[in-house]
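One-letter residues, chain by chain:
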Amino acid sequence: MTIKTDIAIIGSGPGGYVAALRAAQLGASCTLIEKDRLGGVCLNWGCIPTKALLYSAEVIESAHTASDFGINIGDVVVDWDGVQAHKNSVVKKLTGGVEVLLKKAGVNILYGAASFIEPTILQVEGESGTETVEARDVIIATGSRNASIPIPGLDGPGVVDSTGALALEALPNSICIIGAGAIGLEFASLFNDFGVKVTVVEMMPRIAPLMDEAISRGLDRALSGKGIDLHTNTRVSRVEHDGKQCIITMTKDGEEQKVSTDIVLSAIGRAANIENIGLENLGIKADRKGIQVDNRMRTAVPHVYAIGDVAKDGPMLAHVASHQGIVAVEDAMGLTAHMAYNAVPSCIYTSPEVASVGLTEEEARNAGYEVVTGTFRLGANGKALAMGVSDGFVKVVSDAKNKAILGVHIVGPHASDVILEGTLSLDMEVTLGEMRHVIHPHPALGEALAEAMLDAEGISLHSVSRKRK
Ligand code: FAD
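My aim in this report is to walk through the structure given alongside it, one point at a time. (Residues numbered from 1 in each chain as written. Predicted model: local features only at pLDDT ≥ 70, side-chain atom pairs only at ≥ 80, totals over all residues. Heavy atoms only, no water.)

## A short note on unusual backbone geometry
Excluding glycine, most residues fall at negative phi; most peptide bonds, likewise, are trans.
Then comes step 1: Along the chain, S351 connects to P352 via a cis peptide bond; the corresponding omega equals 5 degrees.
Then comes step 2: Mapped onto the fold, P352 is located in the loop between β20 (346-348) and β21 (353-358).
Then comes step 3: At the junction of H442 and P443, the peptide bond is cis and its omega measures out at -5 degrees in the coordinates.
Then comes step 4: Along the chain, the position of P443 falls in the loop between α13 (432-435) and α14 (446-456).
Then comes step 5: In this model, M297 sits at a positive phi of 70 degrees, which is unusual for a non-glycine residue.
Then comes step 6: With respect to the element layout, M297 can be found in the loop between β18 (290-291) and β19 (304-306).
Then comes step 7: The class for M297 is buried, based on a relative accessible area of 0%.
Then comes step 8: Positive phi, close to 65 degrees, is recorded for K403, a residue that is not glycine. (Helix = DSSP H or I, 4+ residues; strand = E, 2+ residues; numbered from the N terminus. Buried < 20%, exposed > 50% of the residue type's maximum accessible area, 1.4 Å probe, protein only.)

## Section: the nonpolar core
Inside soluble globular proteins, nonpolar side chains tend to come together where they are buried.
Then comes step 1: Core analysis: the largest hydrophobic core is formed by 55 residues, its most contacted members being I9, L102, F116, I139, I140 and M297.
Then comes step 2: Look past the residues within four positions of F116 in its chain and what remains in contact with it is I10, I121, L122, V138, I140, I277, G278, L279, N281, L282 and V304. (Core = buried A, V, L, I, M, F, W, Y, C linked by side-chain atoms within 4.5 Å. Contact = heavy atoms within 4.5 Å.)

## Some points on empty space enclosed by the protein
Then comes step 1: One pass over the full model with this rule turns up two cavities of 30 Å³ or more.
Then comes step 2: Each pocket or cavity is described by its volume, and for the largest cavity that value is around 60 Å³.
Then comes step 3: Considering the residues around the largest cavity, the lining is formed by G218, R221, A222, P352, R377, D391, G392, F393 and V411.
Then comes step 4: Considering each element in turn, the lining of the largest cavity owes the most residues, three residues, to helix α7 (residues 213-225).
Then comes step 5: Its residues assigned to classes, the lining of the largest cavity shows four nonpolar, two polar and three charged.
Then comes step 6: A volume near 30 Å³ is recorded for the second largest cavity.
Then comes step 7: Every residue along the wall of the second largest cavity is listed here: L378, V394, I410, G412, P413, V418 and L445. (1 Å grid on protein atoms, 1.4 Å probe; cavity = no way out; pocket = protein on both sides within 12 Å on 5 of 7 lines; lining within 4 Å. Points joined across faces, edges and corners; volume = space filled by probe spheres on them. Nonpolar A, V, L, I, M, F, W, Y, C, P; charged D, E, K, R; others polar.)

## A look at the packing of aromatic side chains
Where two aromatic rings form a pair, the distance of their centres and the angle of their planes describe that pair.
Then comes step 1: Counted by the stated rule, this structure contains two aromatic pairs.
Then comes step 2: Judged by centre distance (5.3 Å) and plane angle (90 degrees), the ring pair of W80 and F194 falls under edge-to-face. Placement of W80 in helix α4 (residues 80-105) and of F194 in the loop between α6 (182-193) and β10 (197-201) is noted, with a sequence separation of 114 residues between them.
Then comes step 3: Given the relative accessible area of 8%, W80 is considered buried.
Then comes step 4: Given the relative accessible area of 8%, F194 is considered buried.
Then comes step 5: An angle of 25 degrees between the planes, with centres 6.0 Å apart, marks the rings of F187 and F191 as stacked. With F187 and F191 both in helix α6, this residue pair falls four residues apart, about one helical turn. (Phe/Tyr/Trp six-rings, centres within 6.5 Å; stacked < 30°, edge-to-face > 60°.)

## Quick notes on the layout of surface pockets
Then comes step 1: One number sums up the size of the second largest pocket: a volume of about 990 Å³.
Then comes step 2: Around the second largest pocket, the lining is made up of 32 residues, and of these E58, E61, S351, V389 and P413 lie nearest the centre.
Then comes step 3: Where the lining of the second largest pocket is concerned, the elements lending two or more residues are α3 (47-64) and α12 (415-427).
Then comes step 4: The element that contributes the greatest number of residues to the lining of the second largest pocket is α3, accounting for eight residues.
Then comes step 5: Here the residues of the lining of the second largest pocket sort into 12 nonpolar, 11 polar and nine charged.

## Section: the site of the ligand
Then comes step 1: In the neighbourhood of the ligand, 39 residues make up the surrounding shell, with G15, E34, K51, D309 and A318 lying closest.
Then comes step 2: One nitrogen or oxygen atom from the main chain of C42 is found 3.3 Å from an oxygen atom belonging to the ligand.
Then comes step 3: Surface burial for the ligand is 93%, taken as the share of its 1,000 Å² of free accessible area covered by protein chains.
Then comes step 4: Tallying contributions element by element places helix α2 (residues 40-45) first for the shell around the ligand, with four residues. (Near = heavy atom within 4 Å. Polar contact = N/O pair within 3.5 Å; in protein donor to acceptor, adjacent residues only side chain to side chain. Areas by Shrake-Rupley, 256 points an atom, 1.4 Å probe, with all protein chains shown as cover.)

## Comments concerning the sheet that holds strand β13 (residues 246-252)
Then comes step 1: The three strands lie next to each other as β12-β13-β14, forming an open sheet whose pairing is antiparallel. Only two strands of the sheet have a single neighbouring strand rather than two, namely β12 (235-241) and β14 (255-261). Geometrically, the sheet is characterised by an average inter-axis angle of 20 degrees between neighbouring strands, direction not taken into account. (Pairing = 2+ DSSP bridges. Axes fitted to C-alpha atoms, helices over the stretch in contact; angles between N-to-C directions.)

## Describing the sheet that holds strand β24 (residues 405-412)
Then comes step 1: Strands sit in the order β20-β21-β24-β23-β22 across an open sheet of five strands; the sheet is antiparallel. Only two strands of the sheet have a single neighbouring strand rather than two, namely β20 and β22 (371-377). Strand-to-strand twist across the sheet, computed as the mean angle between neighbouring axes with direction ignored, equals 10 degrees.
Then comes step 2: The strands that α12 touches are β20, β21 and β24; relative to β21, the one it contacts most, it runs at about 5 degrees.
Then comes step 3: Across the face of the sheet, α14 comes into contact with β22, β23 (393-399) and β24 while running at roughly 140 degrees to β22.

## Thoughts on the packing of α3 against α4
Then comes step 1: The geometry of α3 relative to α4 is characterised by a closest axis approach of 9 Å and an angle of 140 degrees between their N-to-C directions. As far as their axial angle goes, α4 and α3 are oblique. Read as a crossing pair, α3 and α4 show a hand that is right-handed. Between α3 and α4, the residues in contact are I48, P49, A52, L53 and S56 and V83, H86, K87, V90, V91 and L94, respectively.
Then comes step 2: In the contact of α3 with α4, the residues fall into eight nonpolar, two polar and one charged. (Parallel < 35°, antiparallel > 145°, perpendicular 65-115°, else oblique. Left-handed = near helix turned anticlockwise from the far one by under 90°.)

This is the structure we're talking about:
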């Protein structure tokens, strides 16, 4: 059978399904093709299940520290099956909700693996046979998968990737996590809260290497302080299994060290899903980082777009994928839309959380700005103190010449919520002077952001201003 449609979308992750909803909203007929589960990595094996587990971990942490707040609880017992049930129910609710939204919008959902025959003709292999989809425009939203690197033993027993770590049948006693990016650190944080002995190995000089250096050092202090064993500047050279445990060999400054753990989690990054979709039939070039696109998400072939993790542009984040999906659809429908990446928030949902938007101090200096920074410690914020938090801070990076806000970086509780104000200030291109007029609720964590902005102007009210260089 041949299905004729205005827009065909391959992949139903946060890129593909949001694009489908926008296409339907704009009056296009749309066929959304998915070979596995609706919602893609984000809803099934990424953002959502990890946050559900992290919330359970936060509850344990609160239970353990309850007596600090005058509440005495008896023994805290982890029911891992219950934790998994909570995670699975959140995933089920959200994926079910997405299906309802798509059906109500009139999107045609087609299950099967799609590949290109021609730029606007797809072949879809499903359980009930092969179908052909003829579209005016096609959006590739096939996402990414866990990357692998040639470390001997990394494909052996006892080693899992993030998908495997989400579905463990029982909690291990110990885990070694290779990679201290967002995914590795979130698992480190949650397993540590569940009482697992956690070792993290990172070959870069610091954890969360893409974050502002001060923030990544702050996170390092917080996680080390909670008992996580962090090894930076360290390379894993092999993983062996002795029948009971994994033995990880790692090297730092030429010196070899071995660690034994129950399991190993490989969290070394993501590779774009560019294989088996017939890109060669189109002449589209791509590598493990993805497909080259312009700022309207167009590939080199007319009427073919690529969005989300499979697109080379922009960070591999769910909200970026969704925004790119909207841009691609709007362009296909003749509207003016383009992607800009100057105000994309990026968060790590560890305890404490980390959030960042815009340039780090180093990036701003390298870009030639005359940089001035402002900080505010959460230890002087009323809401944070009421929550028992004395660590963590907000850092603002700005242009000394015109007071433009270039970046906002936070380590502390609810950083992923507080960052929104920084995101807005960058997106709206608001200056420090303009932000001074914004009234913040009291007490609120967001007051720390306001104070950091005042500090960047040298007029902090609630901390002793630093002497300007
Ligand atoms: P995906 O979500 O990867 O979806 C692609 C879909 O395409 C899949 O369903 C796949 O089955 C389908 N597909 C592939 N090939 C075909 C084909 N040939 N035919 C039909 N269907 C096909 N990002 C955040 O912003 N915040 C977070 O907190 C966060 N946490 C994460 C935690 C983990 C453990 C992981 C792994 C990722 C996390 N991410 C997070 C990243 C986020 O999940 C991705 O950026 C996002 O899912 C990308 O969306 P996408 O639509 O491009 O692709």
